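# Close look at the chain arrangement
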Amino acid sequence: MTNAENKKVLSGLSLAELEEFIVNNGEPAFRAKQLQNWLCKKHANTFESMNNLSKNFRSKLEDIAIISDTKIKQKLVSNDGTIKYLLEYPDGNVVETVLMSFDKRPNLTACVSTQVGCPVGCTFCATGKRGFIRNLKAREIVDQVLTIQRDLNISVTNLVYMGQGEPLLNYDETVKSINILNSELEIGIRRITVSTSGIVPKIYQLTEMNRQLVLALSLHAPDHELRKKLMPIEEKYPVEDVIKAMKHYAEKTGRRVTIEYTLIDGVNDSTEHAEKVNKLLKGLKYNINLIPYNPVCGDKFKKPSMERINRFKSVLEKVERKVTVRLERGTDIAAACGQLAGQIL
Ligand code: SAH
Ligand code: SF4
């Protein structure tokens with residue numbers, strides 16, 4: 001990819017791509033590794049600052065390349081420290097990338113987007129309401145993380161693929177971005193979570209990779225009828241088949257999966273629903289994460305009371321101890337789950 005001035009954009013490329021570019025420009029391949037180190041580990045904003053590269057090489061880079069073409073269009077800091085970035089690509093499309101830090105832990109978690117908009121169209125999700133615009137390239141996904149790292153001069157330690165888009169409907173670029181983030185930014189594979197609405201054939205494909213990724217499923221309803229109303233994807237991939245695929249993933253990789261369940265008042269949050277969830281997940285190794293519904297503009301849904309949330313939780317705890325209620329992060333800046341729709345606030 002080159003920008004308007006015909007310069008190569010480097011941030012987010014794999015090492016092999018960077019090497020190819022360097023060698024095609026008459027430089028020895030080992031320089032790619034040094035350059036990648038500046039881009040991925042040292043958060044360099046300019047070629048000038050890359051002071052172990054020769055002056056000649058640096059000035060050549062100025063002529064033929066740019067570091068990044070991802071622009072920070074807006075940056076919002078929440079009361080709880082969550083930072084939401086609105087990032088703009090050269091074609092004018094914007095996505096959100098969110099950075100969360102959790103108290104008392106040195107972890108810095110980035111939530112990345114894989115598509116502009118989303119084709120799945122879940123009824124409770126702001127991204128879904130926006131429709132689908134385009135897939136992101138691996139380089140663009142990786143550059144979301146690198147842009148944050150350059151901006152704050154920090155290193156991200158954990159990643160969740162939970163921003164805009166359905167990662168498994170942009171499978172190849174998602175997997176490629178995971179490989180780059182894992183091998184070149186050295187974000188541990190066990191610290192990377194991919195969240196899906198349940199694209200069955202792609203869950204099997206991901207299982208074949210046999211990596212130690214955390215796979216998270218957006219369940220949200222324990223039966224076909226209700227799930228269909230909330231998530232149109234249920235028509236194509238019924239929940240029973242999705243759970244079968246998740247079991248296969250857990251067994252093959254030896255990794256416990258995560259189940260995400262957005263609690264919507266009076267819709268999917270009764271004790272009967274919780275009992276059904278327990279039954280449905282029998283035989284699966286999982287942690288379950290309850291997400292109290294976050295308001296989306298113009299929506300008919302409501303968040304349940306704390307009492308209802310706790311009642312639901314206690315039913316789940318009868319069979320599975322690892323039940324957590326996801327803390328609301330960044331609701332004041334519309335950075336919470338389901339609130340990402342590429343708008344400027
Ligand atoms: N597209 C992927 C990943 C992104 S969404 C997926 O659906 O899994 C991250 C999580 O937030 C998903 O579990 C999603 O269903 C949930 N979510 C969407 N809208 C929400 C809302 N308004 N309130 C709470 N959670 C929501
Ligand atoms: Fe897409 Fe996930 Fe939103 Fe559903 S919840 S519309 S899959 S981003």
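Residues numbered from 1 in each chain as written. Chains lettered and ligands numbered in written order. Predicted model: local features only at pLDDT ≥ 70, side-chain atom pairs only at ≥ 80, totals over all residues. Heavy atoms only, no water.

### As for the site of ligand 2
Ligand 2 sits among Cys118, Val120, Gly121, Cys122, Cys125, Gly128, Gly165 and Ser197. Grouping the amino acids of the shell around ligand 2 by side-chain chemistry returns four nonpolar, four polar and no charged. (Near = heavy atom within 4 Å. Nonpolar A, V, L, I, M, F, W, Y, C, P; charged D, E, K, R; others polar.)

### So, the pattern of salt bridges
Across all of its chains, the model carries 22 salt bridges by this definition. Residues Asp143 and Arg150 are paired through a salt bridge, measuring 3.1 Å at the closest nitrogen-oxygen approach. Arg150 carries the same exposure label as Asp143, and that label is buried. In the salt-bridge network here, residues are joined through shared partners; they are Asp265, Asp269, Lys302 and Arg308. (Salt bridge = Lys/Arg side-chain N within 4 Å of Asp/Glu carboxyl O. Buried < 20%, exposed > 50% of the residue type's maximum accessible area, 1.4 Å probe, protein only.)

### Here's the deal with the domain arrangement of the protein
When cut into domains, the protein gives domain 1 (8–66) and domain 2 (71–333). Measuring from the centre of the C-alpha atoms in domain 1 to the corresponding centre in domain 2 gives 34 Å. Across the boundary between the two partners, domain 1 contributes 14 residues, which contact 14 residues of domain 2. Together, the buried faces of domain 1 and domain 2 total about 1,300 Å²; carbon and sulfur atoms form 49% of this surface. On the surface where domain 1 and domain 2 come into contact, there are two salt bridges. There are eleven residue pairs in polar contact (both at pLDDT 80 or more) connecting domain 1 and domain 2. Looking at which element gives the most residues to the side of domain 1 that touches domain 2, the answer is helix H2 (residues 30–40), with three residues. (Domains from an automatic or database assignment. Contact = heavy atoms within 4.5 Å. Buried area = accessible area lost by both parts, 1.4 Å probe. Polar contact = N/O pair within 3.5 Å; in protein donor to acceptor, adjacent residues only side chain to side chain. Helix = DSSP H or I, 4+ residues; strand = E, 2+ residues; numbered from the N terminus.)

### Quick word on the sheet that holds strand S10 (residues 192–196)
Remark on secondary structure: sheet strands pair via backbone hydrogen bonds, oriented parallel or antiparallel. Read from one edge to the other, the open sheet built from ten strands follows the order S3-S4-S5-S6-S9-S10-S11-S12-S13-S14, with strand pairing classed as mixed. The open sheet is flanked by strand S3 (71–77) and strand S14 (323–325), the only strands paired with a single partner. Looking at each pair of strands side by side, their axes are set apart by 20 degrees on average, direction ignored. Relative to strand S5 (residues 94–101), strand S4 (residues 83–88) runs antiparallel, the two being bridged by six bridges. By the bridge assignment, Leu87 is partnered in S5 with Val95. (Pairing = 2+ DSSP bridges. Axes fitted to C-alpha atoms, helices over the stretch in contact; angles between N-to-C directions.)

### Some points on the nonpolar core
Within the largest apolar cluster, 79 residues are counted, with the highest numbers of intra-cluster contacts made by Phe124, Leu159, Tyr161, Leu219, Ile259, Leu281 and Ile288. Top element by residues in this core is helix H9 (residues 239–253). It accounts for seven residues. If near-sequence neighbours (up to four positions away) are discounted, Leu281 is found in contact with Leu219, Ile243, Ile259, Tyr286 and Ile288. Listed in part, the 18 residues of the second largest apolar core include Leu18, Ala32, Met50 and Ala65. (Core = buried A, V, L, I, M, F, W, Y, C linked by side-chain atoms within 4.5 Å.)

### Concerning the site of ligand 1
Taken together, 20 residues are adjacent to ligand 1, and Gly165, Ser195, Ser218, His220 and Asn294 come closest. At a separation of 2.6 Å, an oxygen atom of ligand 1 approaches a polar side-chain atom of Ser195. Contact distances for ligand 1 include 2.6 Å between an oxygen atom and a side-chain N or O atom of Ser218. Contributions of two or more residues to the shell around ligand 1 are made by S10 and strand S12 (257–263). The class makeup of the residues in the shell around ligand 1 is eight nonpolar, ten polar and two charged.

### What about the packing of aromatic side chains?
The description of two aromatic rings rests on the distance between their centres and on the angle between their planes. Across all of its chains, the model carries two aromatic pairs by this definition. Their ring planes at 80 degrees and their centres at 5.9 Å tell us that Tyr293 and Phe301 sit as a pair that is edge-to-face. Exposure remark for Tyr293: the relative accessible area of 2% places this residue in the buried category. Look at Phe301 and you get buried, because its relative accessible area is 13%. If you follow Lys42 out to its NZ or CZ, it ends over the ring of Trp38, 3.9 Å from the centre. (Phe/Tyr/Trp six-rings, centres within 6.5 Å; stacked < 30°, edge-to-face > 60°. Lys NZ or Arg CZ within 6 Å of the ring centre and 35° of its normal.)

### Regarding the environment of Glu140
Counting through the fold element by element, Glu140 comes out in helix H5 (residues 138–152). On the accessibility criterion, Glu140 (5% relative accessible area) is buried. Residues Glu140 and Leu213, spaced 73 residues apart in sequence, show a C-alpha to C-alpha distance of 21 Å. Setting aside anything within four residues of it in sequence, one finds Glu140 in contact with Tyr89, Arg134 and Asn135.

### Examining the pairing of strand S9 (residues 158–161)
On S9, burial covers both faces: Asn158 and Val160 on one face and Leu159 and Tyr161 on the other are all buried. Alignment of strand S6 (residues 108–111) against S9, held across three bridges, turns out to be parallel. Bridge pairing links Thr109 to Asn158 in S9. In terms of strand pairing, S9 meets S10 through three bridges, oriented parallel. Looking at S10, one finds that Tyr161 is bridged to Val194. With helix H6 (residues 171–183) bridging S9 and its parallel neighbour S10, the resulting β-α-β unit is right-handed. (Right-handed = clockwise from strand over helix to strand, strands pointing away.)

### What about helix H10 (residues 271–280)?
Looking at H10, one finds that the buried residues are His273, Ala274, Val277, Asn278 and Leu280. All buried residues of H10 project into a common sector of 165 degrees when viewed along the axis, lining one side. Within H10, the exposed residues directed more than 90 degrees away from the buried face are Glu272 and Lys279. (Arc of directions from axis to C-beta.)

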